[in-house]
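Observations on chain architecture
Residues per chain are reported as follows:
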Amino acid sequence: MMPNIPSLRRILLAAALLTLGTAQADNFSRAVYNGAKDDIKASYKAEIKACDSLGGNAKDICTESAKGNQKVALALLEYNRSGKAKDEAKFYEQQYLARYEVAKEKCDDLGGPDKDICVREAKTLRDKAKSELKLAKKVSSANDTATAEHMKADYLLAKEKCDALSGDAKGVCMASAKARYNERW
């Protein structure tokens, strides 16, 4: 199906939001957030209206695609607003769930064993994406732990070096080490 203008607008909005990045999440004003949310809802309504001209399973596929696009766009908006890992995971989850729902709907055009295989393929792709997201969470957690351990070790080494100093030099050295390694220990 050829992309319609609301979908293109949503893609451009998503691309613009992605450029904001996590570091800029605090700069996301409520007005900007609400405006983007309203635009996503308007795009969804336009996509659903475009689906009305279709019939049968093509309409069902179009509707499922519009629903998925809206959920993905809203999840991306939320992630860009908060910058939180849980919102990023929700965004990726909405992506694979949207793909699954559309793929499952496309299977309705088939019959018999072909339909069963199609549905199984859709479920397999969904399950693979789900397990990849789970793995990514574990890798991210392990990476965060390793980074924290490295910083702690570097801080303890810097602290030991500072302990060899005295007076103002020691105070400056300790303050620098605490600031540099975000001392939390």
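Residues numbered from 1 in each chain as written. Predicted model: local features only at pLDDT ≥ 70, side-chain atom pairs only at ≥ 80, totals over all residues. Heavy atoms only, no water.

**Brief notes about the overall build of the chain**
Each helix and strand in the chain was counted, giving six helices and zero strands. Put simply, the chain runs from its N terminus to its C terminus through helices and strands in the order α-α-α-α-α-α. Looking at the chain as a whole, 26% of its 185 residues qualify as buried. Of all intrachain contacts in the chain linking residues separated by at least 6 positions in sequence, the fraction that spans at least 24 positions is 62%. Here the chain displays about 12,100 Å² of accessible surface, and carbon together with sulfur accounts for 55% of that area. (Helix = DSSP H or I, 4+ residues; strand = E, 2+ residues; numbered from the N terminus. Buried < 20%, exposed > 50% of the residue type's maximum accessible area, 1.4 Å probe, protein only. Contact = heavy atoms within 4.5 Å. Areas by Shrake-Rupley, 256 points an atom, 1.4 Å probe, with all protein chains shown as cover.)

**Structural notes on the pattern of salt bridges**
Pairs can form between side chains of opposite charge once their charged atoms are near each other. According to the stated counting rule, one finds seven salt bridges in the structure shown. Across the salt bridge formed by Asp52 and Lys59, the nearest N and O atoms sit 3.8 Å from each other. We note a salt bridge from Lys170 to Asp163, for which the minimum N-O separation is 3.7 Å. Since its relative accessible area comes to 40%, Asp163 is described here as partly exposed. (Salt bridge = Lys/Arg side-chain N within 4 Å of Asp/Glu carboxyl O.)

**A look at the environment of Asp154**
Looking at the element boundaries, Asp154 is found in helix H5 (residues 112-163). Sequence separation of Asp154 and Ala177 is 23 residues, and the distance between their C-alpha atoms is 8.9 Å.

**Some remarks on the state of the cysteines**
Within the structure shown, the criterion is met by three disulfides. Note on cysteine connectivity: Cys51 is disulfide-linked to Cys62, with sulfurs 1.9 Å apart. Looking along the S-S bond of the Cys51-Cys62 disulfide, the torsion reads about -80°, which is the left-handed sense. Remark: Cys62 occurs in helix H3 (residues 56-82) and Cys51 occurs in helix H2 (residues 30-51); sequence separation between them is eleven residues. Of the two residues examined, Cys51 and Cys62, each falls in the buried class. Each disulfide pairs two cysteine sulfurs, and for Cys162 the partner residue is Cys173, the sulfurs being separated by 1.9 Å. Because the torsion about its S-S bond is -75°, the bridge between Cys162 and Cys173 counts as left-handed. (Disulfide = S-S within 2.5 Å.)

Read these as layout, nothing more, since geometry by itself doesn't imply function.
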